[in-house]
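Close look at the chain arrangement
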Amino acid sequence: MIKNYINLLQQKFSNNNFFSKIILSLFKLRVLTHLSKDDKKIISQWIKFKNFEQKKFKGHLIYNCTIDQAWMGFHLQQLFFLQIFYSQGYVPIILNSYNLEKVYKNLGYISLKNIFTYVPKDTNFSLIKKKLNNLKSTKFIWKGINCGNLAKNSALRELKISSLSLKNNKHLKVFKFYLIKSILYVEGFNFLKKKYQIKNGLFNDHDMCGEGEIFNSLLNNNFPQFSITAGYKNNTFYLKKYFSKNKFDHPRSLSKISLNKMNNDKLNEKKKFKLKTEIFNTYKKKEWEIFAKTQTKTDFKKSEEIKKFLKINNNKKNIVIFSHIFYDATFSWGVNVFKNYEEWLIRSVNALCKNKNINPILKIHPANISKSNNNKKFINNEIEALKKIKNGIPKNLKIILPNSIINTHSIIKMMDACITVRGTVGIEAAARKKLIITCGSGRYDRLGFSLDFSNKKKYIKFLKNSKFEFPGKLNYKNGEKFAYYTLFKRPFFPNTKVSYYDVSKKNFPINKFKPFDINSKKFIKDKILISKWIKNINEDFLNN
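Described below are features of the structure shown in this document.

Rules behind the numbers
Residues numbered from 1 in each chain as written. Predicted model: local features only at pLDDT ≥ 70, side-chain atom pairs only at ≥ 80, totals over all residues. Heavy atoms only, no water. Pairing = 2+ DSSP bridges. Helix = DSSP H or I, 4+ residues; strand = E, 2+ residues; numbered from the N terminus. Contact = heavy atoms within 4.5 Å. Axes fitted to C-alpha atoms, helices over the stretch in contact; angles between N-to-C directions. Buried < 20%, exposed > 50% of the residue type's maximum accessible area, 1.4 Å probe, protein only. Right-handed = clockwise from strand over helix to strand, strands pointing away. 1 Å grid on protein atoms, 1.4 Å probe; cavity = no way out; pocket = protein on both sides within 12 Å on 5 of 7 lines; lining within 4 Å. Points joined across faces, edges and corners; volume = space filled by probe spheres on them. Core = buried A, V, L, I, M, F, W, Y, C linked by side-chain atoms within 4.5 Å. Arc of directions from axis to C-beta.

So, the sheet that holds strand β2 (residues 90–94)
With respect to topology, 7 strands assemble into an open sheet ordered β3-β2-β1-β6-β7-β8-β15, the strand pairing being mixed. Among the strands making up the open sheet, the edge pair consists of β3 (110–111) and β15 (491–492). Strand direction decides the pairing type here: strand β7 (residues 225–230) and strand β8 (residues 237–242), joined by 6 bridges, are antiparallel. Within β8, the position partnered with S227 by the bridge is K240. Across the sheet, helix α4 (residues 72–87) is in contact with β1 (59–63), β2, β6 (200–203), β7, β8 and β15; its angle to β2 comes to roughly 150 degrees.

Take a look at the structure:
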């Protein structure tokens, strides 16, 4: 919240040079209180470092990471990628550089002040104020950018809820804060875009306020926008290029080129064994999706142990609904059947619990814990949502809470089928040849290995009545191949030690990348791999 108050001050006093300097100092001071000794040491090393000679100038690359600078490990980690882009002729333009301003300048980057200082003085503030005073929904387009949707996504994340009500004063206040921020980002970036002739950007979270405005402003089918997101285990990343044609694709999805390669590929027994071993070992090391800390406090359990824990003493099929984080950005990555993840969960649980053929089980998403910042007053959104069912939470529903010590790998082994909208669990289930039911579109539906629904009534009817028999039409070879490509082909595995997540600390990376790594053979190998991806026609970074 302190960050948001400072942000609000920056919005209000952006054109006042004196107050801007004071606010900037407050922001830097706040970040300094969070810096570790290692962070300070690495920053001092970077400040002394002079960059290598750049290749022929190709253009500017805008980078405006919205992740809190108190998570300094993340920002230092990004220098690895920025240096590679720099080596390929892209000059990074850094917005909101704060405590790393000297580092960026010494590296030859363009280090800019806060975005709000670039909002033109002739901006029509009276029109903005008029529109804000007449809000009737979250739909709000400003100069071609869907600021309303970006503000809504950010507000949902901050409030940790599934939907906004503008009749709720708290919801309205938070939404307006992000909407104003979004509008000012559009105004400020339009000025910068024209001044520096910016055509490319580097993004981490392009569905949220602060990055989304820049991403959508630059998006076209001629110049790629580069996305880098965390991988499924330590020192692993997913790299994707975005154009207008694939703007709604999941960052980990497979492009048409990648899917064609997958379809033509053969998955032999050796690769199948490698796939299952990788999943098992990653869980064993407690690294599975470690950036979200989903499995760091879990362990393997036998199927009989899980049944005993859940008080299941029959031979019926075990059907598991895997909930989604209600405010997760993934809701923007595909076509949705229900209005939000909460409605999907309520309707799915209500329908499944009426099915007498099966044992209905709900696995609540474990990232609820880390995303709540380990708040002692943590409220379980899923449990609260299920209380809205007519007669309350169904008595026959078995619930596995987010802080359960049972790892997801063991649950998948025990279950007969999983139900999800578009969750990663579907890919894990595919690797074990389990029945997968999806409701909506994502990155793996309609590829032949899942039972997919796009009609609400048909979906609900299926959950109520199905015996969850194995449909002969499903092609689990495709499922195994998709899982293999997701874990081995799509990720970028740096030769350089870039960063890692400590299981005992908060969910942000600890940087390992230092200036002297730039001259190492490992970094040179990584530079060659990424530079090929930057230049090639495939949207995805794909390993050979």
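Examining the pairing of β2
For a regular strand, the rule is simple: side chains alternate between the two faces of the sheet. Taken across its 5 residues, β2 has 5 buried, putting it largely inside the fold. Of the two faces of β2, the one holding Y90, P92 and I94 and the one holding V91 and I93 are both buried throughout. Judged from the 5 bridges that link them, β1 and β2 form a sheet pairing that is parallel. Bridging from a neighbouring strand, H60 pairs with V91 of β2. In this fold, β1 hands off to α4, which returns the chain to β2; that crossover is right-handed. Note: β2 against β3, 2 bridges, orientation parallel. Across the sheet, the residue bridging to I94 is S111, located in β3.

Things to note about the layout of surface pockets
In this approach a probe as big as a water molecule rolls over the atoms, and the regions it shows empty are the leftover space. In this structure, the second largest pocket occupies an estimated 780 Å³ of space. If you trace the second largest pocket, you find 36 residues lining it, with N149, L150, K152, N153 and S332 closest to the centre. Looking at the lining of the second largest pocket, the elements with two or more residues in it are β5 (145–146), α7 (147–159) and α9 (212–218). Here the lining of the second largest pocket gets 6 residues from one element, more than from any other, and that element is α7.

Concerning the nonpolar core
Within the largest apolar cluster, 63 residues are counted, with the highest numbers of intra-cluster contacts made by L179, W344, I419, I437, Y459 and F468. Ignoring anything within four residues of it in the chain, the contact list for I419 reads I319, V320, I321, F322, W344, L352, I437, Y459 and L463. Grouped together as the second largest cluster of nonpolar side chains are 39 residues, I43, F74, Y109 and V498 included.

Description of helix α10 (residues 256–264)
Of the positions making up α10, those classed as buried are S258, L259 and M262. Axial view of α10: buried residues confined to an arc of 100 degrees, hence all on one face. Within α10, the exposed residues directed more than 90 degrees away from the buried face are K256 and N264. Lining the buried residues of α10 we find α19 (476–489).

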